[in-house]
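# Architecture and fold: a report
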Amino acid sequence: MADEKPLVVEDKPEARKRGIWGSKAGFVLAAAGSAIGLGNIWRFPTEAANNGGAAFLVIYVACVVFIGLPVMLAELTMGRHTRRNPVGAFKKALPKSYWWLVGALGVTVGFAILSYYSVVAGWTLGYVVKSATHTFTPDADPGQVFDGFVGSWWQTLICLAVFMGLCIAVVIGGVQAGIERWSKILMPTLLVMLVLLIIRSVTLPGSSVGLSFYLEPDFSKLNMKVLVAALGQAFFSMSLGMGAMITYGSYLSKRDNLVTSATWVGMADMSIAFLAGLMVLPALAMAGITPGLEEGGAGLIFAVLPTIFSELPWQPMGGIVFGTAFFLMLMLAALTSAISLLEVVTAWLVDERKWPRKKAVAVVGGVTFLLAVPSALGCGAVGWLSHVCTLQDQQLGFLDLMDKIFGKLALTFGSLLICLVVGWFWGMGKARDEVLSGNPRFNKLARAWSFLLRYLCPVAIAIILVFLIIDPSAIR
Ligand code: TRP
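Residues numbered from 1 in each chain as written. Predicted model: local features only at pLDDT ≥ 70, side-chain atom pairs only at ≥ 80, totals over all residues. Heavy atoms only, no water.

Let us look at the side chain of Q233. Its place among the elements puts Q233 in helix α11 (residues 224-237). Excluding its chain neighbours within four sequence positions, the residues that come into contact with Q233 are G39, R43, F44, E47, F56 and Y60. (Helix = DSSP H or I, 4+ residues; strand = E, 2+ residues; numbered from the N terminus. Contact = heavy atoms within 4.5 Å.)

Below, the structure is given as structure tokens:
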């Protein structure tokens, strides 16, 4: 059949020079590295706990499959077609228009997310040291340890600086040698660690309370707020809505199958989030935190999870080894994500402003550090930064506020714009032709994708945004 003939186009020499992933597995691991991060292990269980547990989980899966995956495919397609950073991609796909502003918004949002993301990633670094030095003895109160840690300005700033330094070191190295190689080692390690921790967590006394909360859906808990949270979480966790996947897609080969790549990344991301919930919620229940009560906030994982380390067999070594390994794994997962955020801003300066890579990375890293300082100090160290506003009787620190504005609101808005641009303005025809290269059988799926991207996704996202305008407190 005519439309089944393979449509494999060779990559142009310029594209090769700019950088292309070494293999499909390399891309999938790097993109999964971007997707899987603090969003899965730190943010997902907190969101689930605050939004009805299993009911949230069900809605989350639907958001990933019907909205997240089509948007991810759209971003990858646009990236590979234009071989540019987000700003350049919109300029090239839709010349002589103002749509490049969507890319500019993306780069800005990436910058902002990177700033507070690095702060939390820095905490994981500090916790590697704390676990290794046996801070979490059976009598220690992890909540107090956490408050003491984030209340110390110098500890948080040093951890932040070291983490930023690590990101800079990897991204300076370039796409394949740095990002791809590291992801191939780190992602499997993460999975093994997570499974071991789950086994301990679900066998804790009292874990069944947490487990049934997480796994037995109570649909009476469903409301618009759960939907808002689930959709926002899906975009954050899948690294969508600001062009990170446009940028990673711009290094894809024409031979790669975009549909299977996107599906692998999305499924890996969802699975890890699910597993993280299995690990965290029973531990929360054991620590006496009743899920569903407003105990959220940035510190949840750090203030609660160490409880299970001192409950492990072969104390104290069991706890020390496990705690250290866990936070190391979390730090590395955060690193592969932060790298992708840094790469977006870097790619913009390199493609559009013709900066040398090294200069771009160093400047972006430095400015991000400065932007991160208020988030770092706003978790206890400096009073007014720790209570910048009040939302639903909850005191919000600077970091929480940044997460709400950029990590939740801006990504949802950005994803809407990406659906509209690819679905309506750039055009599904061009998008489909791009996917066909490397995937000759895409025609069968193309209609479903077109429907999702043009109708379902924008309408669903727009409803959520309108709801948020009416009731801003729904962003929790
Ligand atoms: N997805 C990552 C996580 O779950 C965070 C992240 C990396 C991200 N790149 C992004 C979020 C781009 C939004 C956009 O931890």
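Let's shift gears to empty space enclosed by the protein. All chains considered together, the criterion is met by six cavities of 30 Å³ or more. Reported here for the largest cavity is a volume of approximately 140 Å³. Where the lining of the largest cavity is concerned, the elements lending two or more residues are α2 (24-35), α6 (100-132), α11 and α16 (317-352). A per-class count over the lining of the largest cavity returns ten nonpolar, six polar and no charged. When its volume is computed, the second largest cavity comes out at roughly 120 Å³. (1 Å grid on protein atoms, 1.4 Å probe; cavity = no way out; pocket = protein on both sides within 12 Å on 5 of 7 lines; lining within 4 Å. Points joined across faces, edges and corners; volume = space filled by probe spheres on them. Nonpolar A, V, L, I, M, F, W, Y, C, P; charged D, E, K, R; others polar.)

In this section: the site of the ligand. Around the ligand, 16 residues are found, and the nearest of them are A35, G39, Y117, F236 and S239. Backbone polar atom of L38 to an oxygen atom of the ligand: 3.1 Å apart, as the coordinates give it. With respect to the ligand, the backbone of F236 contributes an N or O atom lying 2.9 Å from a nitrogen atom. Protein burial of the ligand: of its 360 Å² of free accessible surface, 100% is covered by the chains. Looking at the shell around the ligand, the elements that each hand over two or more residues are α2, α3 (38-50), α11 and α16. Across the shell around the ligand, the residue classes tally to eight nonpolar, eight polar and no charged. (Near = heavy atom within 4 Å. Polar contact = N/O pair within 3.5 Å; in protein donor to acceptor, adjacent residues only side chain to side chain. Areas by Shrake-Rupley, 256 points an atom, 1.4 Å probe, with all protein chains shown as cover.)

Moving on: the layout of surface pockets. Approximately 360 Å³ is the volume attributed to the second largest pocket. Secondary-structure elements contributing two or more residues to the lining of the second largest pocket are α1 (13-18) and α4 (54-82). In terms of residues, the lining of the second largest pocket owes the most to one element, α1, which gives four residues. When grouped by side-chain class, the residues that make up the lining of the second largest pocket number two nonpolar, two polar and eleven charged.

Right, let's talk about the packing of aromatic side chains for a bit. For the coordinates displayed, the defined rule picks out 21 aromatic pairs. Aromatic ring contacts, followed pair by pair, group W123, Y127, F136, F146, F149, F302, F326 and F327 into a single cluster. In this arrangement the basic side chain of R43 is found over the ring face of F236, its NZ or CZ atom lying 4.0 Å from the centre. K91 extends its terminal NZ or CZ atom over the ring of W100, reaching a point 5.2 Å from the ring centre. (Phe/Tyr/Trp six-rings, centres within 6.5 Å; stacked < 30°, edge-to-face > 60°. Lys NZ or Arg CZ within 6 Å of the ring centre and 35° of its normal.)

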